[in-house]
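Each chain, written out:
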Amino acid sequence: MNELSVRPALPDDLDAVLAFWRTAAEGTSISDDRAGVERLLERDPRALILAERGGELVGTVIAGFDGWRCHLYRLAVAPERRRQGVATALLAAAEERFLRLGGRRADAMVLVRNERARYAWSAAGYAPEERWRRWVKPLTA
């Protein structure tokens, strides 16, 4: 079995990442397009973390830090690679990044309906924060 490698995404990875999210990620986001991910890498080139096994993309996580808070998005693992330590390795890399940047607490965006994800996040030591509710407003030009 090939060893898992974890690394920051490069601009050349973006098409593969977007295709991967269509099959491995739960739900879609308004930012799930090339322009959105290019802006992410332009602003923070190390925020999008990839897991690969034998050159194959098997997982992603976005570890965004705005100087104040640590946010996790798009934790996704290829369906046939789940329960093999991919998410654990990605979260370890994200948390190490946050600690290096001075982060104190990480939060994750998790769809309420994604029961499998709730188990994974719980196993990683995360818990829902019931006191808060996410409020959103789509921005238009």
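Please read these numbers as outputs of a predicted model, since none were measured by experiment.

Student: Could you give me a rundown of helix α3 (residues 86–101), with the residues and numbers involved?
Tutor: With 16 residues, α3 extends 23 Å between its outermost C-alpha atoms, agreeing within 8% with the 22 Å of an ideal straight helix rising 1.5 Å per residue. Every buried residue of α3 is accounted for by Val86, Leu90, Leu91, Ala93, Ala94, Arg97 and Phe98. Mapping the buried residues of α3 onto a view down its axis gives an arc of 160°, with all of them on the same face. Away from its buried face, by an angle of more than 90 degrees, α3 presents the exposed residues Thr88, Leu99 and Arg100. Those residues of α3 that are buried lie in contact with β1 (4–8), β2 (48–53), β3 (56–65), β4 (70–77), β5 (106–108) and α4 (115–123).

Student: Give a description of the pattern of salt bridges that names residues and reports values.
Tutor: According to the stated counting rule, one finds nine salt bridges in the structure shown. One salt-bridge network, in which partners are shared between bridges, spans Arg7, Asp13 and Glu52.

Student: Outline the pairing of β3, listing residues and values.
Tutor: Of all 10 residues making up β3, nine are buried, and the element is well covered by its neighbours. Between the end of β2 and the start of β3, which pair antiparallel, lie two residues, with glycine 54 showing a positive phi angle near 60°. Relative to β4, β3 runs antiparallel, the two sharing six bridges. Looking across to β4, one finds that phenylalanine 65 is bridged to cysteine 70.

Student: Tell me about the nonpolar core, and name the residues and values.
Tutor: Judged by nonpolar contacts, the single largest core of 19 residues is most densely connected at Ile49, Leu72 and Val86. Those elements giving two or more residues to this core turn out to be β2, β3, β4, α3 and α4. Element by element, the count of residues in this core is highest for α3, at six residues. In this structure valine 86 touches Leu4, Ala51, Arg53, Val58, Gly59, Val77 and Arg81, once residues within four positions along its chain are discounted. One finds Phe20, Ala25, Leu41 and Ile62 within the second-largest nonpolar core, a separate group that totals 16 residues.

Analysis parameters
Residues numbered from 1 in each chain as written. Predicted model: local features only at pLDDT ≥ 70, side-chain atom pairs only at ≥ 80, totals over all residues. Heavy atoms only, no water. Helix = DSSP H or I, 4+ residues; strand = E, 2+ residues; numbered from the N terminus. Expected span 1.5 Å × (residues − 1). Buried < 20%, exposed > 50% of the residue type's maximum accessible area, 1.4 Å probe, protein only. Arc of directions from axis to C-beta. Contact = heavy atoms within 4.5 Å. Salt bridge = Lys/Arg side-chain N within 4 Å of Asp/Glu carboxyl O. Pairing = 2+ DSSP bridges. Core = buried A, V, L, I, M, F, W, Y, C linked by side-chain atoms within 4.5 Å.

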